[in-house]
Amino acid sequence: MESNLRVNFKIADNTINPNDVPKRKLRTGDEIPAVGLGTFGSDRFSKEDIADAVLGAISIGYRHIDCASVYMNEPEIGEALDIAIKGGIAREELWITSKVWNDMHGKGDVLVSCATSLRDLKLDYLDLYLLHWPYPNYHAPGCDVDSRNPNSNPFSVEEFMGTWQQMERLVDMGLVKNIGTSNMTIAKFKAVWHLMRIKPAINEMELHPHFQQHDLYDYCIENGIQPIGFCPIGSPTRPDRDKTDQDTVDIEDPVIIAAAKRLGVHPAVICVKWASQRGQIPIPFSVKEIEYMGNLNAAITNPLTDEEMTAISKIDKGCRLIKGQVFLWEGANGWEDLWDNDGTITK
Ligand SMILES: NC(=O)c1ccc[n+]([C@@H]2O[C@H](COP(=O)([O-])OP(=O)(O)OC[C@H]3O[C@@H](n4cnc5c(N)ncnc54)[C@H](OP(=O)(O)O)[C@@H]3O)[C@@H](O)[C@H]2O)c1
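Residues numbered from 1 in each chain as written. Predicted model: local features only at pLDDT ≥ 70, side-chain atom pairs only at ≥ 80, totals over all residues.

**Q** Please explain the sheet that holds strand β7 (residues 179-182) as it appears in this structure.
**A** In a beta sheet, neighbouring strands are held together by backbone hydrogen bonds and run either parallel or antiparallel to one another. An order of β3-β4-β5-β6-β7-β8-β9-β10 is seen for the eight strands of this open sheet, with the pairing classed as parallel. Two strands lie at the open edges of the sheet, namely β3 (37-38) and β10 (281-282), each paired on one side alone. With two bridges connecting them, β3 and strand β4 (residues 64-66) associate as parallel partners. Counted as the bridge partner of Leu37 is Ile65 from β4. Across the sheet, helix α5 (residues 157-172) touches β6 (128-131) and β7, and the angle it forms with β6 is around 175°. (Pairing = 2+ DSSP bridges. Helix = DSSP H or I, 4+ residues; strand = E, 2+ residues; numbered from the N terminus. Contact = placed C-beta atoms within 7 Å. Axes fitted to C-alpha atoms, helices over the stretch in contact; angles between N-to-C directions.)

Below, the structure is given as structure tokens:
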């Protein structure tokens, strides 16, 4: 961890005022900062570097941190949060998200998972707890995309609701303020919506200029679910196992590059601007101060023009990067089975 901030945490002289960062109001009335810091290290960045980035990001104005137990760095991030809070950042100013991993859907397990994240993050409540995937299908960390868990199964309303009811109990217990979903589809939402006592405040979903998910995005907005967009820059540093020859590169798109040239910024910053102007909450990852500062500034300064927003709306390539192959069950045809593209749940 960066020794100066660890020993003497302080707000950076060049900080962005957190009050200048837009907020989105959720169905619960809570307000979430419109840009967050991602913390998935993609097997490339150490836990310590990511914890440093969390501390550095808070010191330059970030108040929203996107965590997950499966990123295996919550204890290190917890130390960073503890330093920031002891260093004068009020807990209520921070928005901390965590997620229950697929191997913790069993009865009672969601409570254990949430308690573990709270312990690791050194917090007594979470602002948002997400069901990371709508399946209990899991795999060993870092495994090959072709590996299959023989216990994996297609989506089940009963299984999902058993897990969601545990999420609802966390709200009742005061351990989490908001609950939400991730990696959902419209068909799956429709299958469980009427059964949910507490509706999701958030759906975290893959969103970047080459993967805009118009239908799901609109469905979320129409139903009062705020989208958080992951891989907002097109995840150039994602693990090699998640790369295919067909994948396109958002930050090399001529439309993105033209806007970047006009504003004199990196194309990544244009992706973040597009996301925040469209209405989703981007959670870009970076451990480099110049990058994470640029990403937070993106939501505050020099907006894209209407023409640029229109031009970007036309470069959607339907290029899903996080395909989820390892969550497939035996007998599935391919990763498309996870995403219900024809509007029905694949059985
Ligand atoms: N819910 C889910 O299932 C799910 C799935 C995936 C991700 N997530 C969350 O979403 C977060 C973000 O996604 P991601 O980490 O995959 O990808 P991303 O944020 O799209 O891309 C991150 C990479 O972009 C580059 N970058 C960032 N800011 C930049 C800037 N201003 N200028 C130039 N390059 C910049 C960095 O690469 P260099 O180091 O090369 O500069 C960085 O490693 C994750 O960390 C995680 O918290 C959630």
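**Q** What exactly am I supposed to notice about the site of the ligand here?
**A** The ligand sits among 29 residues. The nearest are Gly38, Phe230, Ile233, Ser235 and Phe285. For the shell around the ligand, the element with the highest residue contribution is helix α10 (residues 289-298), accounting for three residues. Looking at the shell around the ligand, its residues break down into twelve nonpolar, twelve polar and five charged. (Near = placed C-beta within 6 Å. Nonpolar A, V, L, I, M, F, W, Y, C, P; charged D, E, K, R; others polar.)

**Q** Just checking my understanding: could you explain the packing of helix α2 (residues 47-59) against helix α3 (residues 74-86) for this structure?
**A** Axis angle and axis distance: for two packed helices, these are the angle between their axes and the distance between the axes, and together they describe the pair. Packing of α2 against α3 brings their axes to within 8 Å, and their N-to-C directions diverge by 25°. Accordingly, the angle class assigned to the pair α2 and α3 is roughly parallel. The handedness of the crossing between α2 and α3 is right-handed. Two secondary-structure elements touch here, α2 through Lys47, Glu48, Ile50, Ala51, Val54, Leu55 and Ile58 and α3 through Glu76, Ile77, Glu79, Ala80, Ile83 and Ala84. For the contact of α2 with α3, the per-class residue count stands at nine nonpolar, no polar and four charged. (Parallel < 35°, antiparallel > 145°, perpendicular 65-115°, else oblique. Left-handed = near helix turned anticlockwise from the far one by under 90°.)

**Q** I'm lost on the environment of Tyr138 in this one. Help?
**A** Examined against the element boundaries, Tyr138 turns out to sit in the loop between β6 and α5. By the C-beta count within 10 Å, which is 20 here, Tyr138 ends up buried. For the pair Tyr138 and Cys67, spaced 71 residues apart in sequence, the C-alpha separation works out to 18 Å. Residues in contact with Tyr138, not counting those within four places in the same chain, are Trp101, Asn102, Asp103 and Asn149. (Buried ≥ 20, exposed ≤ 12 C-beta atoms within 10 Å, placed from the backbone.)

**Q** I keep staring at the pairing of β7 and nothing clicks. Help me out?
**A** Regular strands show a simple pattern: their side chains alternate between the two faces of the sheet. Of the two faces of β7, the one holding Ile179 and Thr181 and the one holding Gly180 and Ser182 are both buried throughout. Two strands pair when backbone bridges link them, and β6 and β7 are joined in this way by three bridges, in the parallel orientation. Across the sheet, residue Leu131 finds its bridge partner in β7, namely Thr181. Note that the unit made of β6, α5 and β7 has a crossover that is right-handed. After leaving β7, the chain enters helix α6 (residues 186-192) and then returns to the sheet as strand β8 (residues 202-206), a path that is right-handed. (Right-handed = clockwise from strand over helix to strand, strands pointing away.)

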